[in-house]
Amino acid sequence: MYFYILVIILVVALLVISFELVKRSKLKAAQLLAVHAFQEEHNLSNRDLKIFKETLGEAKSQIRIAEKAMTGIENEQQYLDSALTASKEIFRYLMDKPKDIVLYDNFLYRSLPAFSNTLERRAAFEQTAIDSSELTTTQKELDKILIELSESIVTDYNRYLKDELEETVIEKGAVK
């Protein structure tokens with residue numbers, strides 16, 4: 001009697017496991033098809049695709065780090081919000097047009113990493129319970145750096161807006 005119950009349980013367990021494996025393999029196949037479709041749509045080589053994945057993966061994590069760090073900072077919120085919004089928009093643009101990644105090298109490799117790292121440092125200073133003039137001076141210096149970095153990111157975003165405007169004008173001209 002116990003033998004039959006054990007066999008039934010084992011069969012059910014094997015069915016559940018096999019169902020999950022089939023489900024995962026179908027999901028993996030769908031993901032590979034989506035990646036190949038993206039690669040073909042944007043004419044990316046395997047090397048280009050690898051660079052694209054690594055670069056935008058790093059950019060995405062830096063944007064998340066910046067979002068998290070911003071919650072602990074009270075000063076200069078307007079600059080930080082505009083820089084973060086601009087970073088997200090540039091990220092979306094690069095997801096749509098991966099070939100333009102080379103046009104945003106300064107943003108991807110300098111401005112965004114420096115912005116997220118400085119935000120983390122500034123948030124750490126904000127949480128410090130020590131109240132000293134040196135700490136206040138350091139916080140003000142970091143605020144100045146954050147403003148400069150924010151302006152750099154917003155400048156890159158304005159370049160993106162200018163490119164979008166030019167494309168719209170060209171499309172409008174083609175319609176006439």
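Above: the structure in question.
Residues numbered from 1 in each chain as written. Predicted model: local features only at pLDDT ≥ 70, side-chain atom pairs only at ≥ 80, totals over all residues. Heavy atoms only, no water.

Draft legend 1. Geometry of the pattern of salt bridges. Under the definition given, this model contains 5 salt bridges. Ionic pairing is found between Lys99 and Asp48, a salt bridge with its closest N-O pair at 3.8 Å. Residue Lys99 is found in the loop between α3 (77-96) and α4 (105-127), and its partner Asp48 is found in helix α2 (residues 46-70); the two are separated by 51 residues along the sequence. Its relative accessible area of 44% is what places Lys99 among the partly exposed residues. The exposure class of Asp48 is partly exposed, given its relative accessible area of 27%. The salt bridge partner of Lys144 is Glu141, with a shortest N-O separation of 3.9 Å. Of this pair, Lys144 and Glu141 both sit in helix α5 (residues 133-175), 3 residues apart, which is roughly one turn of that helix. Residue Lys144 is classed as exposed on the basis of its relative accessible area of 52%. For Glu141, a relative accessible area of 41% puts it in the partly exposed group. (Salt bridge = Lys/Arg side-chain N within 4 Å of Asp/Glu carboxyl O. Helix = DSSP H or I, 4+ residues; strand = E, 2+ residues; numbered from the N terminus. Buried < 20%, exposed > 50% of the residue type's maximum accessible area, 1.4 Å probe, protein only.)

Draft legend 2. Structural context of unusual backbone geometry. Despite not being glycine, Asn43 shows a phi value in the positive range, around 55 degrees. When you line up the elements, Asn43 lands in the loop between α1 (2-41) and α2.

Draft legend 3. Structural detail: the packing of aromatic side chains. Applying the stated criterion across every chain yields a total of 5 aromatic pairs. Seen in terms of ring centroids, Tyr93 and Tyr104 are 5.8 Å apart; in terms of plane orientation they differ by 70 degrees. Their pairing is edge-to-face. With Tyr93 in helix α3 and Tyr104 in the loop between α3 and α4, the pair connects residues that are 11 residues apart, well separated along the chain. As far as the burial class goes, Tyr93 and Tyr104 line up, both buried. (Phe/Tyr/Trp six-rings, centres within 6.5 Å; stacked < 30°, edge-to-face > 60°.)

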